[in-house]
Each structure stands twice: as C-alpha cells, then as structure tokens.
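# Observations on the model geometry
This is what each chain is made of:
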Amino acid sequence: MHIVVVGGGHAGIEAAHIAARMGVVVTLITINLDQIGQMSCNPSIGGVGKGHIVREIDALGGLMGRLIDAAGIHFRTLNESRGFAVRGPRAQADRVKYRLEARRCLEFIPNIRLRQGIVVSILFNGGERVSGVELLDGSHIACDALILTAGTFLNGQILIGGKRIEAGRAGEPASIHLASQLRSMGLEWRRLKTGTSPRIDSRTVDYHKMQPQPGDIPPKPFSFFGSGIVLPQVHCHIVFTTSETERIVRENLHRSSMYGGYIEGIGPRYCPSIEDKYVKFPDKERHQIFVEPDSLDTKELYLSGLSTSMPVDVQFQMVRTLDGFECAEILRHGYAIEYDAIDPLQLDSTLAVPVVKGLWTAGQVNGTTGYEEAAGQGLIAGVNAVRFLRSEEPFILSRSTAYLGVMIDDIVTKGADEPYRMLTARAERRLELAADLADARLLDSAKSIGVLSAAEIAEVEKRAEWRTSLMCACENAWVKKTSNYARFAIESGLSLNQGMTVIELLKRQQIKSEQIDALITEVCENNNISLKGINQAQERDSLLFTIRYSGYREREAKLASHLEQWEFISIPANFAERDIPGLSLEVREKLRRHRPQTLGQASRIPGITHTAVILLHMLIEKSLK
C-alpha cells in the first residue's frame, strides 16, 4: 500500500507522519523541500481553541505538539484567569528551527519518502479511482490513495495594492495545472482570502517604547509525551496603533487590494486586516499589535495584527506611526493572497471526496484557516486513508469527544463560506473538552490508531489512575476540628462547626492556591499516593475543575444527551431525492446541498428546525420498515 501526500505544510506533515507510523509507505511531494513546515503567516502555534486542537493532535500521536516544544521560544497560557475549559496554550516558534525540526522528524521515519516537485495532475485507474500523480517534469508516481493538502497554492495569487502576482506564497509558484484539472472534475470551488503582516528588522526598533509581554514561568510544554522545552525563552511585546495610523489607512483605503476592488475572495472573520479593522470597527480608537520574534538566529519581527494588502509605500508609512517603530525598516512586506478552496460540503466525515474514490483533502484547501486546523485535518485524513486501504472502519471523532470532531463536523455539515477558525464557543460540550485533559479523553481513540508507544500509553494511564485515586481520597478525607486538615479551613476563614470532606473544602473559593497545593500533598502522603513525575500545578487545576464544575458538566450533558442520540441515526443515501410527502422543499433542498450523513449533522444545518429533524426521523423510520 502506498499513499501520496501533496503538500509539505502543516496538514501534509501530519498526514504523512500518521500514515507512515501506521505502517503504510508514504511519498510526500512538495514544491520546495526546504519549506516543509514553513510558517507563512505569524510564527506561533496554539491559542484559545487552536491550542486545544494541538493538544488533541498530540494525544492521538501527531507531531505538532512535539515540534513546537522543540522550537518554541515563548510559551503563554491564554485566558489564565478564566475557566479551566477555555484556557488555551500558545507558543511563539523559532520559525527557522520549527521548519528544520519538521523535516528532520519526517526524514527519520523509514516509511516516508520526500520528493521535490510540482504535481500537475491526478491520474486515475479506469477513470474512477485515483492511481497516482503526474509531476511537472513528466514523471509519474503511483499510489493507492492521495491526500491533497495544497494550502493556498491552488490558483494562488498574491495581492499588494493594485499589484497581482501568481504565487502560492511569497517566493513560491502557484499550482495552476492541478487547480485547472480539479475544477474540470465537476467539484464545487470557491475563492477565499487570507493575508500576512510586514516583517521588521529588529535592529531598527526601540523596545523601550513597547509594553513587554513575558512568557509563563516556568513555560508549559504542549506535548504530553515530549522531552520538554529546550530553547531559551524570550519576551514578546505589545504596541498600539495611533491616530496617525488610522489617518494613513483611511486616506489610502482606495489603494488597498481589498477596498480598491482587486480582491474577490472572502477573508477570515476572526483575523481581519488592518484596513478591515478601521472600516468595520470605526469607533475603536486603537488596535493592539503583537510584536513577535521570528527566530533566535535572525533579526526579523512579525507584527501580528497588522495584516495588510496596502501598497508598499503605505505599509512603510503605517509601520512608522507605531511607538518604537519611528525608524523601522521593513524586511518583507505584508500581502493578501487569494486561492481556490473546495466546498467542504462535498466531503464526508473522513475528509474523503466521495465522488473521487481514493482522494482526501485537508487544510486550507477545505476552507479553514490556521496551522492548527490544517494539522488536525491532516491527521484525520491520514488515519482514514490508511483505514480505507485496509478495509477498516473509518476513524470519526464526535463533537462531544474532541474539538477535532467539532471542526470536521462543522465544515462538512455547514460548509465554509469564509475561512473557518476554531473557537471554543463552537463546541456544545466545551467543559468536557479542556485542553489539559485531552490525553485521557482520547486514550481509547489513540489506542485504536496504534501510533503511541506502550510507554506513552502507560504514561497516560498512570496520570488518569493518579487523578482517580486522588479524587477518591479527597471524597473520603474528612475535615473537622480534630483532623490534620483543619488548619486549611481555619486559615481560609471557614467555620468548622460541622465537618466537611476535602472535596467540599476545595469547592470553597476562599481557599488559596498555595493552601490547595499543601492540602493535596498532605492527602497524597496520608493515602500513599506518589507525587513522583506529577505536574502538581496542572493536576491541581484539573482537580479543581472536576470538583467545581461538576454541576455545570452534568447540566451540559443532560442538554446534549437527546441531541447526541441523533448522531447515531443514519440518513439513507439519496433520501432527499425520494418523493416523500411531509418534507418541505426547503428541507429537501438543504439535504441535497449539505448531504448530512446523520440526523445530528442535519440538525446543525442552518435553516433546518428542531421540528423538521423530528419529522425527518419519523420518515426515516417509516421508510426502513
């Protein structure tokens, strides 16, 4: 069995890695081998929602968490002051080291072959099933399955002001021939847009005028299994746009690619350009810009939040209006990029293209945005391509199991009229999907994939058993005036007229973190629970989350229970085409367009009401009798 992966971005890396680790021979083809793992936009991994995905990739045996731990130079937990479920790990990467580490990891996997080249067409066996690819140099590479992770390269065009350049990203050619063939196959495509910010010579800025943003001390790794963080840590900085920035942007809006009428594609709602920010948020006086180091070995800075398609002279003026950037020199200008993306409604839940047997797609080509979303899709596509070749059951994560399940269900059910970005608010059961609990939550799924080593599985099981043992000990430990635990309540100003369990004590908000740590240590000592190898700060947060949010989690589960039953009721093939009385024309049209595979998916299609799903359920049951 042989799988070809087209594209060496974050989706391609995960697809190739997981398929090869599952025992299949993989050829990864990319335009430039030196650009495997390139961060075309900002040099960071994770964040709220996105960081959850990286943790899930890691828990299933993927690479991204280990790569960022090896190349990260600034780690920070976002939403630290908020609930445990919505905290998002994030890290700045050394862009150069991340790319090198990604290639090194792939090259040391025996089943992976790397090949530099441009794929110009997909080959078919008898016109039905994918059989290989043809490269620009005329060579053919045969395969049994193909995973397309083309990113922004399909008919990619860079826009800077009124200038339009055919390119997949700066300095690399667009994929024109392959895009043309794909469009001729009867699939539905759309134009989407994303963009990047200017990159600055750090020797030309004054850091004293910026607000420093230190990372976490100590920095917290992404991977549950890796060797930890190895590189020196540095500060990021924050600056704000000024009234002069706004004046320059507004006076030159007509010269930008977007507002000058040069862009057709739809851009990401949650990562707007600086032009978009001033147009869509006219009452906001200033906008925050993150100054992010690119590498320990270069002097480049990335201005996250200043994505733009303005002409180069306007970019120069804009940058110099920022405090500390009065003498700044631009090393690389920002740009917008338009590209072809498939309508993901044509995909099934494995990310396969059903009308093209043997083809999977993953990443930005599916209408998503972000390294993390792409990597997650690559992993799912890789696992399912292997399972398809082995005639095994598909690997599908539910919405209640993982953010990966939420993302894939969203795009294949609702589509992506604009670039899709993962947000914790998209999940119905986000209390169950906390990032730090992904290892235990996805352990059974990881075992079914079979990539984690026996030692790694044992490590997860040990942590899960430790949590269970501690929880049980806290339930059985009593806090009363005569007990050793009394001082923790008294120091917190709590009355002990009546006894309480340690669980009940930990529910009280008066008890401080340092007291909680000491209390957990004492409970462990009294119950012979070893703390060796345990991250006590992380496990403290996990314990508090389990205890303090138990009522909310139960309520969330009850609300979702009847909806989850619909996830297991399949909609028969071509059901919408049948002449079934009772279904409105609108519902039948939406079913034909979105082609949901289950009632659960149908319930999430905009315009299909709860009543319509109940009726659909009755009609399905009747048709099967």
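In what follows, the accompanying structure is described. Given the structure is predicted, the values throughout are model-derived calculations rather than measurements. (Residues numbered from 1 in each chain as written. Predicted model: local features only at pLDDT ≥ 70, side-chain atom pairs only at ≥ 80, totals over all residues. Heavy atoms only, no water.)

### Observations concerning the overall build of the protein chain
So the rule is basically this: Strands here are runs of E lasting at least two residues and helices are runs of H or I lasting at least four, both read from the DSSP assignment and numbered beginning at the N terminus. Between the two quantities, the radius of gyration covers C-alpha atoms and the globule rule is 2.2 Å times the number of residues to the power 0.38. Exposure categories follow from relative accessible area, calculated using a 1.4 Å probe and restricted to protein chains: below 20% of the type maximum is buried, above 50% is exposed, and the middle band is partly exposed. Whether two residues are in contact is decided by their heavy atoms, any of which lying within 4.5 Å being enough.
In terms of helices and strands, the protein chain carries 21 helices and 23 strands. Over its C-alpha trace the protein chain gives a radius of gyration of 26 Å, about what one expects of a compact globule, namely 25 Å for 625 residues. Taking the principal axes of the C-alpha coordinates as reference, the protein chain spans close to 80 × 75 × 50 Å. Considering the protein chain as a whole, with its 625 residues, one finds that 58% of them fall into the buried category. When contacts within the protein chain are restricted to residue pairs at least 6 apart in sequence, those whose partners lie at least 24 apart make up 72%.

### As for the environment of Glu465
Inspection of the secondary structure puts Glu465 in helix H13 (residues 454–476). Residue classification places Glu465 among the exposed residues on the basis of a relative accessible area of 53%.

### Brief notes about the pattern of salt bridges
Here is the rule: The salt bridge criterion pairs a side-chain nitrogen of Lys or Arg with a carboxyl oxygen of Asp or Glu, the two atoms within 4 Å.
Considering all chains together, one arrives at 47 salt bridges under this definition. With a closest N to O distance of 2.8 Å, Arg463 and Asp439 form a salt bridge. Of this pair, Arg463 sits in helix H13 while Asp439 sits in helix H11 (residues 438–441), placing them 24 residues apart in sequence. Residue classification places Asp439 among the buried residues on the basis of a relative accessible area of 2%. As a salt-bridge pair, Glu567 and Arg604 come within 2.6 Å of each other at their nearest N and O atoms.

### So, the pairing of strand E10 (residues 145–148)
Just so we agree on the cut-off: DSSP bridges decide pairing: two strands pair if at least two such bridges lie between them.
With burial as the criterion, each face of E10 is covered, one bearing Ala145 and Ile147 and the other bearing Leu146 and Leu148. Direction of pairing for strand E1 (residues 2–6) relative to E10: parallel, over a ladder of four bridges. Counterpart to Val5 in the pairing with E10 is Ile147. Bridge count between E10 and strand E21 (residues 359–361): three bridges; the pairing is parallel. Bridge pairing in E21 places Ile147 opposite Trp360.

### Side note on the state of the cysteines
Keep this limit in mind: Our working definition of a disulfide is a cysteine sulfur pair at a distance within 2.5 Å.
Inspection of every chain in the model, using the stated rule, returns zero disulfides. Cys41 takes part in no disulfide bond, and the closest cysteine sulfur to it belongs to Cys271, at a distance of 5.9 Å. Owing to a relative accessible area of 21%, Cys41 belongs among the partly exposed residues under this scheme.

### Side note on the packing of aromatic side chains
Cut-off, in case you're wondering: Stacked, tilted and edge-to-face are the three classes applied to pairs of Phe, Tyr and Trp rings, where Trp contributes its six-membered ring and a pair requires centres within 6.5 Å; stacked means planes under 30 degrees apart, edge-to-face means over 60, and tilted covers the rest. Either the NZ atom of lysine or the CZ atom of arginine qualifies as a charge over a ring when it sits within 6 Å of the ring centre and within 35 degrees of the ring normal.
The final tally for this structure, using the stated rule, is five aromatic pairs. Pairing Trp360 with Phe388 gives two aromatic rings, centres 5.2 Å apart and planes at 65°, and the pair type is edge-to-face. Residue Trp360 is located in strand E21, and its partner Phe388 is located in helix H9 (residues 371–389); the two are separated by 28 residues in the primary sequence. One aromatic cluster is present, built from ring pairs that chain together Phe545, Tyr549 and Tyr552. Positioned above the aromatic ring of Phe224 is the side chain of Arg55, whose terminal nitrogen or guanidinium carbon lies 4.8 Å from the ring centre.

### What to know about helix H16 (residues 513–526)
The cut-off we apply is this: What a helix is expected to span follows from its residue count: subtract one and scale by 1.5 Å.
Here H16 is 14 residues long and its end C-alpha atoms lie 20 Å apart, about the 20 Å a rise of 1.5 Å per residue gives. Along H16, the residues that are buried comprise Gln515, Ile516, Leu519, Ile520, Glu522, Val523 and Cys524. Residues of H16 that are buried make contact with H13, helix H14 (486–491), helix H15 (502–507) and helix H17 (536–548). One or two steps after H16, the chain reaches Asn528, where phi turns positive at roughly 55°.

### Some details on the sheet that holds strand E11 (residues 157–160)
Note the threshold: Every angle, taken between N-to-C directions, lies between 0 and 180 degrees, and every axis is a line fitted to C-alpha atoms, over only the stretch in contact when it is a helix.
Read from one edge to the other, the open sheet built from four strands follows the order E12-E11-E20-E13, with strand pairing classed as antiparallel. The open sheet has two free edges, formed respectively by strand E12 (163–166) and strand E13 (189–195), since each of these has just one partner strand. Across the sheet, the axes of successive neighbouring strands diverge by a mean angle of 25°, strand direction being ignored. Strand direction decides the pairing type here: E11 and strand E20 (residues 336–342), joined by three bridges, are antiparallel. Its bridge partner lying in E20, Leu159 is registered against Ala336.

### Considering helix H5 (residues 176–183)
Heads up, the condition is: The directions from the helix axis to the C-beta atoms are what the arc is built from.
When we look at burial in H5, the residues that qualify are Leu178, Ala179, Gln181 and Leu182. Buried residues of H5, viewed axially, fall in a sector of 160°; they line one side. Looking at the buried side of H5, the elements it contacts are strand E7 (119–125), E10, E13 and E20.

### Focus: the environment of Asn476
Operational definition: Throughout this description, a polar contact denotes any pair of N or O atoms lying within 3.5 Å of each other; where both atoms belong to protein, one of them has to be capable of donating a hydrogen while the other can accept it, and for residues adjacent in sequence the pair is counted only when both atoms sit in side chains.
Relative to the elements of secondary structure, Asn476 occurs in helix H13. Its relative accessible area of 56% is what places Asn476 among the exposed residues. Taking C-alpha positions, Asn476 is 7.7 Å from Val502, a pair spaced 26 residues apart along the chain. From its side chain, Asn476 meets the backbone oxygen of Cys472 in a polar contact 3.1 Å long.

### Some remarks on the sheet that holds strand E6 (residues 112–116)
Judged by pairing direction, the sheet is parallel, and its five strands sit side by side in the order E6-E2-E1-E10-E21 without closing on themselves. Where the open sheet ends on each side, the last strands, each with one partner, are E6 and E21. Neighbour to neighbour, the strand axes of the sheet diverge by 20° on average, direction disregarded. Pairing analysis gives five bridges linking strand E2 (residues 25–30) to E6, with the strands arranged parallel. Bridged to Thr30 within E6 is Gln116.

### Quick word on the nonpolar core
Here is the rule we go by: The definition of a nonpolar core used throughout is a set of buried Ala, Val, Leu, Ile, Met, Phe, Trp, Tyr and Cys residues joined through side-chain atoms within 4.5 Å.
By size, the foremost hydrophobic cluster in this structure holds 103 residues, and its most contacted members are Ile3, Leu60, Tyr98, Leu146 and Leu351. The leading source of residues in this core is H9, at ten residues. Sequence-distant contacts of Leu146, that is, excluding residues within four places in its chain, are made with Val4, Val6, Ile122, Val130, Val133, Gly358, Leu359 and Trp360. In terms of nonpolar packing, the next biggest core, distinct from the first, is built from 28 residues, Leu470, Ala486, Leu505 and Ile534 among them.

### Considerations on the side chain of Arg95
Mapping Arg95 onto the fold places it in helix H4 (residues 95–107). Among the residues examined, Arg95 registers a relative accessible area of 5% and is labelled buried. A distance of 3.0 Å separates a polar side-chain atom of Arg95 from the backbone oxygen of Cys41. The contact partners of Arg95, leaving out residues within four places of it in the chain, are Gln38, Met39, Ser40, Cys41, Asn42, Pro43, Arg199, Asp294, Ser295 and Tyr302.

### Side note on the side chain of Glu338
By the secondary structure assignment, Glu338 is in strand E20. Residue Glu338 is classed as buried on the basis of its relative accessible area, which comes to 1%. Only 3.3 Å separates the side chain of Glu338 from the side chain of Arg164, close enough to count as a polar contact. Within the local environment of Glu338, its side chain forms a polar contact with the backbone nitrogen of Glu264, the two atoms lying 2.4 Å apart. If we ignore the near neighbours within four places in the chain, the residues touching Glu338 are Asn155, Gly156, Gln157, Leu159, Arg164, Arg191, Leu192, Lys193, Ile263, Glu264 and Gly265.

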